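Inside the fold
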Amino acid sequence: MSLLKKLVLVTLAVFVLLSSLLLYVQTRHGFRHVVVPLVAKLTGARLEVRDGWLSLLGALEVDGFVYEDMASGISFDAERLTLRATPWSFIEDGVPRIDELELKRANLHIIHRP
């Protein structure tokens, strides 16, 4: 096989793998097993969800949401959280924009430490 054919095959394999991963994280199973642990690891906070899904177009729906960040003193829990955002606003302007936010039975606790 020539070098060009090998390069094309490797590029195609990487493209298929990344596409599959992007499709998987938009499922409920992928949300619970990939997105939630990744966010918890990146933020260093305790994060739990009962169920949910994420769309790369900016939709997020979560049932049984619990977020606790002891470093900042913020604790948040909600029975249901629905969010519609504009993901490209963060890329273009550097500011995330939320178009719709719906919370059901939510509690927010902020502990101020001097």
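Residues numbered from 1 in each chain as written. Predicted model: local features only at pLDDT ≥ 70, side-chain atom pairs only at ≥ 80, totals over all residues. Heavy atoms only, no water.

1. With respect to the nonpolar core
By size, the foremost hydrophobic cluster in this structure holds 13 residues, and its most contacted members are Phe 31, Leu 47, Leu 60, Val 62, Phe 65, Phe 76 and Leu 81. Of all the secondary structure elements, the ones that give two or more residues to this core are helix H2 (28-43), strand E3 (59-69) and strand E4 (74-86). With residues up to four places along the chain from it excluded, the contact list for Phe 76 reads Phe 65, Val 66, Tyr 67, Leu 81, Leu 103, Ala 106, Asn 107 and Leu 108. (Core = buried A, V, L, I, M, F, W, Y, C linked by side-chain atoms within 4.5 Å. Buried < 20%, exposed > 50% of the residue type's maximum accessible area, 1.4 Å probe, protein only. Helix = DSSP H or I, 4+ residues; strand = E, 2+ residues; numbered from the N terminus. Contact = heavy atoms within 4.5 Å.)

2. Comments concerning the environment of Phe 90
Considering the arrangement of structural elements, one finds Phe 90 in helix H3 (residues 87-93). In this structure the C-alpha to C-alpha distance between Phe 90 and Asp 69, which are 21 residues apart in sequence, comes to 23 Å. With sequence-adjacent residues up to four places away left out, Phe 90 is seen in contact with Val 95 and Pro 96.

3. A word on the pattern of salt bridges
For the structure on display, the rule yields 10 salt bridges. With its nearest N and O atoms 3.8 Å apart, the salt bridge here joins Glu 102 to Lys 104. With a relative accessible area of 40%, Glu 102 lands in the partly exposed category. In this structure Lys 104 comes out as partly exposed when scored by relative accessible area, which is 39%. What emerges from the salt-bridge pattern is a single network uniting Glu 61, Asp 63, Arg 80 and Arg 84. (Salt bridge = Lys/Arg side-chain N within 4 Å of Asp/Glu carboxyl O.)

4. Overview of the environment of Tyr 67
If you trace the backbone, Tyr 67 turns up in strand E3. Measuring from C-alpha to C-alpha, the distance between Tyr 67 and Val 49 comes to 8.9 Å, with 18 residues separating the pair along the chain. Sequence-distant contacts of Tyr 67, defined by excluding residues within four places in its chain, comprise Thr 43, Ala 45, Arg 46, Leu 47, Ile 74, Ser 75 and Phe 76.

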